[in-house]
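What follows is the residue order along each chain.
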Amino acid sequence: MDKMKLFTILSFLLCLTILIYLIKSNQSAVYDIRSKEHYDNIPFIKNASILQKIRFMGSPCLCQNNIPDLKSSVSKDKLEATDERRTKEYKTSQMRIHRDKILIAPSNSPLQYPAHGFSVVPLKITSIPGLGVNSQGRGVYKVTLRVSLGVLSVDGDLMNQVIEGQGGKVLSLSVTSVEILNKILAKITYTSSIYHLKTTDMAHFIYEDYEAMFPIEIKRPAVPVLYDQGNDINSQVTITTKTFLRYKELRALIKSIRRRYPDMKIIIADDNFDTEKVEGPSIEQYFMPPSQGWFAGRNLAVSQVTTKYFLWVDDDYEFLDQTNIEKFVEIMEAVPDLDVLGGSVDGGRFYFTLEYEEGDEEEGGCLSRNQGGKYHNIPGFDHCFLTDGVVNFFLARTDSVRKVGFDPQLRRVAHSEFFMDGLGKLMVASCNGFAVGHQTRQKNAKYDGFRHPGQTDTEFKLAHHYFKNHLKCVKY
């Protein structure tokens, strides 16, 4: 044998060896990327320069310069006990959060399976769609399916002699024809063995050296809650406000509303010391214990809304000729993903984005507010853009806001905190052209004494964020 032929054979064997290695390595895999160490077993991501650019889940976050650590807001004699309760509560809350695993798909595979979107009702038998094997030339075709939160079965009487594990967590098939194999695969069913509102099982689909994994979402269907919007704007929107020590301004607000919307319901949450009855048609006034605070009043007002949307206004605003609620509703109806839509007050459009890093389990996360921050325009509405927080003049979906709520422990200055609690839960936008006015500010020493927080209030709020939001630091 000459050297050329020997070289050719050796080259062929080397290529074949590499090919076999790649085929055996060509499997779906789930990787946990919460820390740098978890990347060590993932091919092609071991390069140090790449790792430096990756922000890992569960890594400590860095507070910006001159932002104090919220831990300093907690009394030193209570810090140890607070930290113990905080860590325990955080771990418990994380157990309620469903986190999807990262699925790395193979570069090429003969396996066909539902890669995404397969959902089952808890404890109900469901056919698995799309299972198949695209392979030829084998004497025997062996396939295994494995799950952990349910059981697998073959529906119907299809060659039980080649099926092992019927009604179990591992189902094995062995047949001599790929056509028969695919007929059996089309009859495989999954039944969850646990009851859960929302969780995910991972199914393993194995054929020869190939293995694919796909998610099976176990989800309890929710009963829809619908709002009859009737025939006009009055059956679509309720105006809500909270009043304290400003009855004169409140009556001026109502007067301005009635010029534009004479029949729209107005809900007032009132925590004044000396209460006054506000008269008028379609007005509901709810009295609270004195000085309960703004967020407690918001909760009360929103809890009484029976329309799909509510419009929040402060008690010292005034409606203008260009205050057009119908335009708000038009956009919300056209973009169902939106939850909160803000406008402008006295020509000012206050809006912001929030930058949040989860941080690690012990220290907590870092949160900062970017005043004037925004994302991108809403398609079809160039005068609107997405953001994370807006001014105190907004239209909101009633059911969406109720799910977030307003923290009643924040009594005095609290606005951004609602959007902080709603981060990742509420889709927020701001639109140009939706305006409300602000009444001329009157001197009110008693009101100002409650409006502006003292050092004790500020320290309480920071300590509250430290525990409740599991934050290491916050920048307003």
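- An unreviewed UniProt entry lists the chain under the name Glycosyltransferase 2-like domain-containing protein, from Denticeps clupeoides.

Brief notes about helix H4 (residues 178–185)
Next up, step 1: Residues Val178, Leu181, Ile184 and Leu185 constitute the buried set of H4. Along the long axis of H4, the arc covered by the buried residues comes to 120 degrees, so they all point the same way.

Describing the nonpolar core
Inside soluble globular proteins, nonpolar side chains tend to come together where they are buried.
Next up, step 1: Formed by 39 residues in total, the largest nonpolar core has its most connected members in Phe319 and Ile325.
Next up, step 2: Looking at this core, the elements that each hand over two or more residues are strand S14 (237–243), helix H5 (247–260), strand S15 (266–270), strand S17 (309–312), helix H7 (325–334), strand S19 (340–345), strand S23 (381–387) and strand S26 (428–438).
Next up, step 3: When residues no more than four places from it in sequence are discounted, the contact partners of Ile325 are Ile233, Val237, Ile239, Tyr261, Met264, Leu311 and Phe319.
Next up, step 4: Val340, Val390, Leu426 and Tyr466 belong to the second-largest nonpolar core, a separate cluster that totals 35 residues.

Topic: the state of the cysteines
Next up, step 1: A complete count under the given rule lists three disulfides for this structure.
Next up, step 2: Residue pairing for Cys61: its cysteine sulfur links by disulfide to Cys366, the two sulfurs lying 2.1 Å apart. Looking along the S-S bond of the Cys61-Cys366 disulfide, the torsion reads about 80 degrees, which is the right-handed sense. Highlighted residues: Cys61 in the loop between helix H2 (48–52) and helix H3 (76–95) and Cys366 in strand S21 (residues 364–371), separated in sequence by 305 residues.
Next up, step 3: For Cys366, a relative accessible area of 8% puts it in the buried group.
Next up, step 4: Note on cysteine connectivity: Cys63 is disulfide-linked to Cys473, with sulfurs 2.0 Å apart. Across the S-S bond of Cys63 and Cys473 the torsion is about -105 degrees, and the bridge reads as left-handed. Residue Cys63 is located in the loop between H2 and H3, and its partner Cys473 is located in strand S27 (residues 471–475); the two are separated by 410 residues in the primary sequence.
Next up, step 5: When the cysteines engaged in disulfides are numbered in sequence order, the chain pairs them as 1-3, 2-6, 4-5.

With respect to empty space enclosed by the protein
Empty pockets left among the atoms are what a rolling probe the size of a water molecule brings to light.
Next up, step 1: Evaluation of the coordinates by the stated rule reveals one cavity of 30 Å³ or more.
Next up, step 2: Computed from the structure, the largest cavity encloses a volume of approximately 40 Å³.
Next up, step 3: Every residue lining the largest cavity is listed: Leu354, Asp388, Phe419, Gly422, Leu423, Leu426 and Val428.
Next up, step 4: Taken together, the residues of the lining of the largest cavity break down into five nonpolar, one polar and one charged.

Focus: a nonpolar patch on the surface
Next up, step 1: Among the surface-exposed residues, Leu123, Tyr195 and Leu197 lie close enough to one another that they form a single nonpolar patch of about 340 Å² accessible area.
Next up, step 2: Looking at the secondary structure, you find Tyr195 in the loop between strand S11 (188–192) and strand S12 (198–207).

Focus: the confidence of the model for the chain
Next up, step 1: On average, residues of the chain carry a pLDDT of 86, and 82% of them reach 70 or more.
Next up, step 2: No element of the chain has a lower mean pLDDT than strand S1 (residues 29–31), at 41, and none a higher one than strand S16 (residues 283–287), at 98.
Next up, step 3: This model gives residues 18–54 a pLDDT under 50, and the stretch forms 60 contacts once residues within four places in sequence are excluded.

Overview of the side chain of Gln229
Next up, step 1: Along the chain, Gln229 falls in the loop between strand S13 (210–219) and S14.
Next up, step 2: Setting aside residues no more than four positions away along its own chain, Gln229 makes contact with Ser235, Gln236, Lys308, Tyr309 and Glu333.

A word on H5
Next up, step 1: Look at H5: 21 Å from first C-alpha to last across 14 residues, which is about the 20 Å you get at 1.5 Å a residue.
Next up, step 2: Along H5, the residues that are buried comprise Tyr247, Glu249, Leu250, Leu253, Ile254, Ser256, Ile257 and Arg258.
Next up, step 3: Residues of H5 that are buried sit in contact with S14, S15, S16 and strand S18 (317–318).

Points about the sheet that holds strand S10 (residues 170–175)
Next up, step 1: Taken together, the six strands give an open sheet; going across it, the order is S4-S13-S12-S7-S10-S9, and neighbouring strands pair in mixed fashion. The sheet is open, and its two edges are formed by strand S4 (119–120) and strand S9 (163–164), each paired on a single side.
Next up, step 2: Pairing of S9 with S10 involves two bridges; the strand directions are antiparallel. Note that in S10 the partner of Glu164 across the bridge is Ser172.
Next up, step 3: Contacting strand S7 (141–146), S9, S10 and S12, H4 crosses the sheet at an angle of about 155 degrees to S10.

Describing the environment of Leu123
Next up, step 1: Tracing the backbone shows Leu123 in the loop between S4 and strand S5 (126–127).
Next up, step 2: Among the residues examined, Leu123 registers a relative accessible area of 46% and is labelled partly exposed.
Next up, step 3: Not counting chain neighbours up to four residues away, the residues in contact with Leu123 comprise Thr191, Ser192, Ser193, Ile194 and Tyr195.

Concerning the pairing of strand S20 (residues 351–360)
Next up, step 1: As judged from the two bridges shared by S20 and strand S24 (residues 389–390), these two strands associate in the antiparallel manner. Residue pairing for S24: Tyr351 is matched across the bridge by Val390.
Next up, step 2: Of the pairings in the sheet, the one linking S20 to S21 comprises seven bridges and is antiparallel in character. Within S21, the residue paired with Thr353 across the bridge is Asn370.
Next up, step 3: The turn joining S20 and S21, which pair antiparallel and follow one another in sequence, is formed by three residues.

Considerations on the environment of Lys71
Next up, step 1: One can find Lys71 in the loop between H2 and H3.
Next up, step 2: The partly exposed category is assigned to Lys71, whose relative accessible area is 35%.
Next up, step 3: As for Lys71 and His465, which are separated by 394 residues in sequence, their C-alpha atoms are 9.7 Å apart.
Next up, step 4: Sequence-distant contacts of Lys71, that is, excluding residues within four places in its chain, are made with Leu79, Asp83 and Tyr466.

Describing the sheet that holds S27
Next up, step 1: Spatial strand order, S24-S20-S21-S27: four strands in an open sheet with mixed pairing. Edge strands, defined here as strands with exactly one partner in the open sheet, are S24 and S27.

What counts, and where the lines are drawn
- Residues numbered from 1 in each chain as written.
- Predicted model: local features only at pLDDT ≥ 70, side-chain atom pairs only at ≥ 80, totals over all residues.
- Heavy atoms only, no water.
- Buried < 20%, exposed > 50% of the residue type's maximum accessible area, 1.4 Å probe, protein only.
- Helix = DSSP H or I, 4+ residues; strand = E, 2+ residues; numbered from the N terminus.
- Arc of directions from axis to C-beta.
- Core = buried A, V, L, I, M, F, W, Y, C linked by side-chain atoms within 4.5 Å.
- Contact = heavy atoms within 4.5 Å.
- Disulfide = S-S within 2.5 Å.
- 1 Å grid on protein atoms, 1.4 Å probe; cavity = no way out; pocket = protein on both sides within 12 Å on 5 of 7 lines; lining within 4 Å.
- Points joined across faces, edges and corners; volume = space filled by probe spheres on them.
- Nonpolar A, V, L, I, M, F, W, Y, C, P; charged D, E, K, R; others polar.
- Patch = residues over 30% accessible without salt bridge, like charges linked within 9 Å, V, L, I, M, F, W, Y side chains within 5 Å.
- Areas by Shrake-Rupley, 256 points an atom, 1.4 Å probe, with all protein chains shown as cover.
- Salt bridge = Lys/Arg side-chain N within 4 Å of Asp/Glu carboxyl O.
- pLDDT = per-residue confidence, 0-100.
- Expected span 1.5 Å × (residues − 1).
- Pairing = 2+ DSSP bridges.
- Axes fitted to C-alpha atoms, helices over the stretch in contact; angles between N-to-C directions.

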